[in-house]
Amino acid sequence: RGIAVSLGCQHSYLLAFAKYARQALRTSLTASIFVPPSAFAPRNVLEAELHKVTAELCAGGDALGLQVVVFRHGVLEAEFAWGEMGPLDPRPVKPDALFCAFSCGKALGVLL
């Protein structure tokens, strides 16, 4: 038991230190957050438009990081990644990044 509990203090140290813990985790990783737009060369109009929408979603805070792949009739039409891996992980999302999606694949399997 700590002194705060012994004295009946109702202050939560977890809440007080959470902000600083998040900041320390993010600053400990020095990778860039976003892939610079100049590094991306779209292969077609579809990929350029999807890339634009994805960048806007991430910049506006509606998405943190995304991977986009579009196949049409078995042909790869668009593939790219944008944003960061997580709220505490500023590494850039890459096309080969793995995300834990739990049971999201069940719905896709039913739709196919």
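You'll find the structure just up there.
Residues numbered from 1 in each chain as written. Predicted model: local features only at pLDDT ≥ 70, side-chain atom pairs only at ≥ 80, totals over all residues. Heavy atoms only, no water.

### Points about unusual backbone geometry
Working step 1: We note that His73 has phi near 55 degrees; this positive angle belongs to a residue other than glycine.
Working step 2: Within the fold, His73 resides in the loop between strand S1 (65–72) and strand S2 (75–86).
Working step 3: On the accessibility criterion, His73 (79% relative accessible area) is exposed. (Helix = DSSP H or I, 4+ residues; strand = E, 2+ residues; numbered from the N terminus. Buried < 20%, exposed > 50% of the residue type's maximum accessible area, 1.4 Å probe, protein only.)

### Concerning a nonpolar patch on the surface
Working step 1: Taken together, Tyr13, Phe17 and Tyr20 make up a surface patch of nonpolar side chains, about 370 Å² in accessible area.
Working step 2: Along the chain, the position of Phe17 falls in helix H2 (residues 13–28).
Working step 3: Relative accessible area serves as the criterion here: at 52%, Phe17 is assigned to the exposed category. (Patch = residues over 30% accessible without salt bridge, like charges linked within 9 Å, V, L, I, M, F, W, Y side chains within 5 Å. Areas by Shrake-Rupley, 256 points an atom, 1.4 Å probe, with all protein chains shown as cover. Salt bridge = Lys/Arg side-chain N within 4 Å of Asp/Glu carboxyl O.)

### So, the environment of Pro92
Working step 1: Inspection of the secondary structure puts Pro92 in strand S3 (residues 89–92).
Working step 2: Given a relative accessible area of 18%, Pro92 falls into the buried group.
Working step 3: Along the primary structure Pro92 and Leu66 are separated by 26 residues, whereas in three dimensions their C-alpha atoms are 9.9 Å apart.

No statement about biological role is implied by the geometric values presented.
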